[in-house]
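# Structure assessment
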Amino acid sequence: MSTLTIRIPEEKHARLRSLAHKRGVSLNKLADELFTVALAQHDTEARFRVRASRVSPQRLLELLDKLDREFAKR
């Protein structure tokens, strides 16, 4: 486990404390969850870019259309 110190504006800190409170988690847990989401998004984009370099632009557009349809269902 590591310790991380960040500097953020007081207003943002207060809003994050409030969000953590509303979710019933500590500020530390909220930050951990947000970092996890950021890393998942980064990994997804990296995998997509690798796959995109291996397929035709037409197939890539088909995959994006499929994703759009799936997200529209939710």
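Residues numbered from 1 in each chain as written. Predicted model: local features only at pLDDT ≥ 70, side-chain atom pairs only at ≥ 80, totals over all residues. Heavy atoms only, no water.

## Observations regarding the confidence of the model for the protein chain
One rule of thumb: low pLDDT means the predicted coordinates there are not for detailed reading. Summing up the model confidence of the protein chain, the mean pLDDT is 93 and the portion of residues at 70 or higher is 100%. Predicted confidence in the protein chain is weakest over helix α3 (residues 57-73), with a mean pLDDT of 90, and strongest over helix α1 (residues 10-23), with 98. (pLDDT = per-residue confidence, 0-100. Helix = DSSP H or I, 4+ residues; strand = E, 2+ residues; numbered from the N terminus.)

## A word on a nonpolar patch on the surface
Together, Phe48, Leu61, Leu64, Leu67 and Phe71 give the surface a local cluster of nonpolar side chains, amounting to about 450 Å² of exposed area. Counting residues per element, the nonpolar patch draws most heavily on α3, which supplies 4 residues. By secondary structure assignment, the location of Leu61 is in helix α3. (Patch = residues over 30% accessible without salt bridge, like charges linked within 9 Å, V, L, I, M, F, W, Y side chains within 5 Å. Areas by Shrake-Rupley, 256 points an atom, 1.4 Å probe, with all protein chains shown as cover. Salt bridge = Lys/Arg side-chain N within 4 Å of Asp/Glu carboxyl O.)

## Regarding the pattern of salt bridges
Note that side chains of opposite charge can pair when their charged atoms are close. Applying the stated rule across the entire model yields 5 salt bridges. Arg17 serves as the salt-bridge partner of Glu10, at 3.7 Å between the closest nitrogen and oxygen. Accessibility expressed as a relative area gives 55% for Glu10, which makes it exposed. For Arg17, a relative accessible area of 39% translates into the label partly exposed. In this structure, Glu45 and Arg49 form a salt bridge, with 2.8 Å as the shortest nitrogen-oxygen distance. In this pair, Glu45 and Arg49 both sit in helix α2 (residues 27-52), 4 residues apart, roughly one turn of the helix. When its relative accessible area of 41% is taken as the criterion, Glu45 is described as partly exposed. Residue classification places Arg49 among the exposed residues on the basis of a relative accessible area of 55%. (Buried < 20%, exposed > 50% of the residue type's maximum accessible area, 1.4 Å probe, protein only.)

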